[in-house]
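Spelled out from the first residue to the last, the chains are:
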Protein chains: 2
Amino acid sequence: MNEFVKHSVVIVGYGGMGSYHAKLIKDNGRLAVVGTYDTDARRGEASEKEGYPAYPSYDAVLNDPAVETILIATPNDVHKELAVRAFAAGKHVICEKPVTMSVEDFKEMTAAAERANRVLMVHQNRRWDEDFLIIKQMYEQKTIGELFQIESRVHGANGIPGDWRHLEVHGGGMLLDWGVHLLDQLVFMVDSKITSVSSRLSFILGDDVDDGFEALLQFENGLSARVEVGTTNFITLPRWYVKGTEGTGMIEDWSMVGRIVTRNREVEHVEPKPIQAGVGLTKTMAPPSESATLTGALPEPFRQPSSFYDNYVSVLEGTGNPIVKNDEVLRVLNLIEAIFRSARGGETVKNFDFY
Amino acid sequence: MNEFVKHSVVIVGYGGMGSYHAKLIKDNGRLAVVGTYDTDARRGEASEKEGYPAYPSYDAVLNDPAVETILIATPNDVHKELAVRAFAAGKHVICEKPVTMSVEDFKEMTAAAERANRVLMVHQNRRWDEDFLIIKQMYEQKTIGELFQIESRVHGANGIPGDWRHLEVHGGGMLLDWGVHLLDQLVFMVDSKITSVSSRLSFILGDDVDDGFEALLQFENGLSARVEVGTTNFITLPRWYVKGTEGTGMIEDWSMVGRIVTRNREVEHVEPKPIQAGVGLTKTMAPPSESATLTGALPEPFRQPSSFYDNYVSVLEGTGNPIVKNDEVLRVLNLIEAIFRSARGGETVKNFDFY
């Protein structure tokens, strides 16, 4: 195929994410949304208003030979069935995250794709987030020395939004929502086996799914990570907080406000003066003398050379490898299962990583 | 005794903490430093310059009938021996923290005090810290609803200060240093059993003791706590970050800069608008609408009615009960042992709390 041919996509599930995909694909030169399907007729109407014909049934999508790719943006519990049927009908699949709610389900899904020799790519789009790419560069380039601690947080105060995300049967909850993004970023960045995980889920809002969680991960290469999602945080802690052997880095939020502070190697070590802290003195927690550290801007991130959709097209055309690999997606699902086990049992979980 | 009689104190160990005690006691009307003893002759000279006679030996202190109280501010590994000898000589003891390096040692120490019918009070002075007293009030008064998460951190960038604090044999390391304060505050505040602890120690500076640690504590009443000490943090996270059912509270540092942000119950819930975050949209992590929350100042803390020294005098005179009780100190030491076990084994530790 040449670069002027557009690949047809039908979006299944035309809610918040489905319509967002339609907008993004419109800006992409190599894919074209040729229709949508949603079980909710009102969404079909909304789709037609935007110029995307609404298929009357999923079978109608599957039976349309003009459809090359099905993009699945439904609640999580039906991803697998929809994808397996798509492969059987000879379609390729882009699937929203979390691709499935379990390792076993994802194995069924990838087996079905392989049998049909079709592409399956999971929309782990936050590998393209600039904040993440800055941290990834700091990790690889040792901008503040060797990173030995990475804290990745997202904090909101809105509780769990929407409807089905409150329900376990649909794969709701924050670990499967923002959690899968943050864990995917971490596992994509750090090339080392996870040796243990210890976690807690939050159920403070009374939903039947977690409204947030925290997980401590230990990697074989010595790196410690903390991953945290909160929906009951009226004050936010930084999106990224990372410690290296030469300094500390911080990114406040998606506005990219942040900084790095490093040891000034040009200046001889001066023992800090004790400060009054509460009713006591502390030398340990006194700020270093002004000349002892250097404050700098965040580095410019290496950007991914192509967008998620560009990369998908190159995989479809056999000219490129997927940036989001299915064995990486499998590894993250397996990690999520370990986090659930750790939280439910109140235990540290080891010897689980598929690395 | 009447309030014009001053109780005599000899400070043993006239380093940073010993001389700080001398200054504080000078301001207190009911205690008087009558001398010091240090194995380092230069410190004896420094003491005499300040007007405190330097005893030539510890025996000389013990044999002086004018000495009522011995204040121990030496490295941690000799606290027990010095205290046990003090009790045998009929002296009362104020001891620096950590009082001992193990539960067993502290039991020996309290047994010796009981046999001699003498007072032993441990200088857990940070129970009087204003930042802590604000959080304690928020916990008790439910200022932001029921607190269900407490994060207590101290971050420095100076590494471990001084000399003996680098060495395990002297009881060095951050868990036994700032750790004992933060854990003591938490256990003093939260009247519930600790059901599990999971922790990691940091050894990034190459000392033979920990240069920091993090511990996740779970209490039976549902409260989760995170306690963290770091000496390699060039950017600091807030001293206190606490979550309640109605909002979030934060205290930056000992300057008492901070705020509380709570849900505005007067305003109907408005679903937040999605924001662009990296390459994706998020409704969950969008800031709540301006009218949906209220930002307020930290409450004024209830202050302890008397200082550590005032309280000590009242215990000595039989007119008051100790604010720092020895069974609380024992409980914290036992918790510290559990934190060491958890970190060394990479395990979650349960069924240990002396509550």
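My aim in this report is to walk through the structure given alongside it, one point at a time. (Residues numbered from 1 in each chain as written. Chains lettered and ligands numbered in written order. Predicted model: local features only at pLDDT ≥ 70, side-chain atom pairs only at ≥ 80, totals over all residues. Heavy atoms only, no water.)

1. Section: helix H7 (residues 178-189) of chain A
All names here are of chain A.
- With 12 residues, H7 extends 17 Å from end C-alpha to end C-alpha; this agrees with the ideal 16 Å at 1.5 Å per step.
- Burial runs high along H7: 11 of the 12 residues are buried.
- Among the residues of H7, Trp178, Gly179, Val180, His181, Leu182, Leu183, Asp184, Gln185, Leu186, Val187 and Met189 are the ones counted as buried. (Helix = DSSP H or I, 4+ residues; strand = E, 2+ residues; numbered from the N terminus. Expected span 1.5 Å × (residues − 1). Buried < 20%, exposed > 50% of the residue type's maximum accessible area, 1.4 Å probe, protein only.)

2. Notes on the pattern of salt bridges
- Summed over all chains, the structure comprises 50 salt bridges over all chains.
- The partner of glutamate 328 of chain B in a salt bridge is arginine 127 of chain B, and the shortest N-O contact between them spans 2.7 Å. Separated by 201 residues along the polypeptide, glutamate 328 of chain B in helix H9 (residues 326-345) and arginine 127 of chain B in the loop between strand S5 (120-122) and helix H6 (130-141) bring together distant segments of the chain.
- Judged by relative accessible area, which is 19%, glutamate 328 of chain B ranks as buried.
- Glutamate 246 of chain B serves as the salt-bridge partner of arginine 263 of chain B, at 3.7 Å between the closest nitrogen and oxygen. In this pair, arginine 263 of chain B sits in strand S12 (residues 258-263) while glutamate 246 of chain B sits in the loop between strand S10 (240-244) and strand S11 (247-251), placing the two residues 17 residues apart along the sequence.
- With a relative accessible area of 23%, glutamate 246 of chain B lands in the partly exposed category.
- Among the charged side chains, a salt-bridge network with shared partners connects Glu151, Arg153, Arg200, Glu214, Arg226 and Glu228 of chain A. (Salt bridge = Lys/Arg side-chain N within 4 Å of Asp/Glu carboxyl O.)

3. A closer look at the interface of chain A and chain B
- Taken together, the contact pairs 72 residues of chain A with 72 residues of chain B.
- Roughly 5,900 Å² is buried in total at the junction of chain A and chain B, and carbon and sulfur atoms are behind 58% of that figure.
- Considering only the side of chain A, the residues that lose the most area to chain B are Phe234, Ile235 and Met285 of chain A, jointly responsible for 14% of the buried surface there.
- There are two salt bridges connecting chain A and chain B.
- Between lysine 350 of chain B and glutamate 347 of chain A there is a salt bridge, and its shortest N-O distance comes to 3.2 Å.
- Summed over the shared surface of chain A and chain B, the number is 40 residue pairs in polar contact (both at pLDDT 80 or more).
- Ranked by residue count, the leading element in the side of chain A that touches chain B is strand S9 (residues 224-230) of chain A, at six residues.
- Classifying every residue of the side of chain A that touches chain B by side-chain character gives 29 nonpolar, 27 polar and 16 charged. (Contact = heavy atoms within 4.5 Å. Buried area = accessible area lost by both parts, 1.4 Å probe. Polar contact = N/O pair within 3.5 Å; in protein donor to acceptor, adjacent residues only side chain to side chain. Nonpolar A, V, L, I, M, F, W, Y, C, P; charged D, E, K, R; others polar.)

4. Let's talk about unusual backbone geometry
Residue and element names in this part refer to chain A.
- The omega angle of the peptide bond from lysine 97 to proline 98 is -15 degrees, so this bond is cis rather than trans.
- The phi dihedral of asparagine 351 is positive, around 50 degrees, even though this residue is not glycine.
- With respect to the element layout, asparagine 351 can be found in the segment after strand S16 (349-350).

5. Section: the packing of helix H5 (residues 103-116) of chain B against H9 of chain B
All names here are of chain B.
- Taken N-terminus to C-terminus, the directions of H5 and H9 make an angle of 165 degrees; their axes are 9 Å apart at the nearest point. With respect to H9, the axis of H5 lies roughly antiparallel. The two elements H5 and H9 cross, and the hand of that crossing is right-handed. Of the residues in H9, those touching H5 at Val103, Phe106, Lys107 and Thr110 are Asn326, Val329, Leu330, Leu333, Asn334 and Glu337.
- Per-class residue counts for the contact of H5 with H9 are five nonpolar, three polar and two charged. (Axes fitted to C-alpha atoms, helices over the stretch in contact; angles between N-to-C directions. Parallel < 35°, antiparallel > 145°, perpendicular 65-115°, else oblique. Left-handed = near helix turned anticlockwise from the far one by under 90°.)

6. Overview of the environment of phenylalanine 352 of chain A
- Within the element layout of this structure, phenylalanine 352 of chain A appears in the segment after S16.
- The residues contacting phenylalanine 352 of chain A, other than those within four sequence positions of it, are Ile194, Ser196, Val197, Asn334, Leu335, Ala338 and Arg341 of chain A.

7. Some thoughts on helix H6 (residues 130-141) of chain A
All names here are of chain A.
- With 12 residues, H6 extends 16 Å from end C-alpha to end C-alpha; this agrees with the ideal 16 Å at 1.5 Å per step.
- The buried fraction of H6 is high, at nine of 12 residues.
- Within the sequence span of H6, burial applies to Asp131, Phe132, Leu133, Ile134, Ile135, Lys136, Gln137, Met138 and Tyr139.
- Elements in contact with the buried residues of H6: strand S6 (147-155), H7, strand S10 (240-244), strand S11 (247-251) and strand S12 (258-263).

8. Re the relation of the copies chain A and chain B
- Superposition record for chain A on chain B: RMSD 0.0 Å, screw rotation 180 degrees, translation along axis 0.0 Å. Both chain copies can therefore be described as sitting about a two-fold axis. In terms of proximity to the rotation axis, the leading residue of chain A is threonine 348 of chain A, whose C-alpha is 2.7 Å off the axis.
- The fraction of interface residues of chain A whose copies in chain B are also interface residues reaches 100%, indicating that both copies meet through the same surface. (Least-squares fit on C-alpha atoms with pLDDT ≥ 70 in both.)

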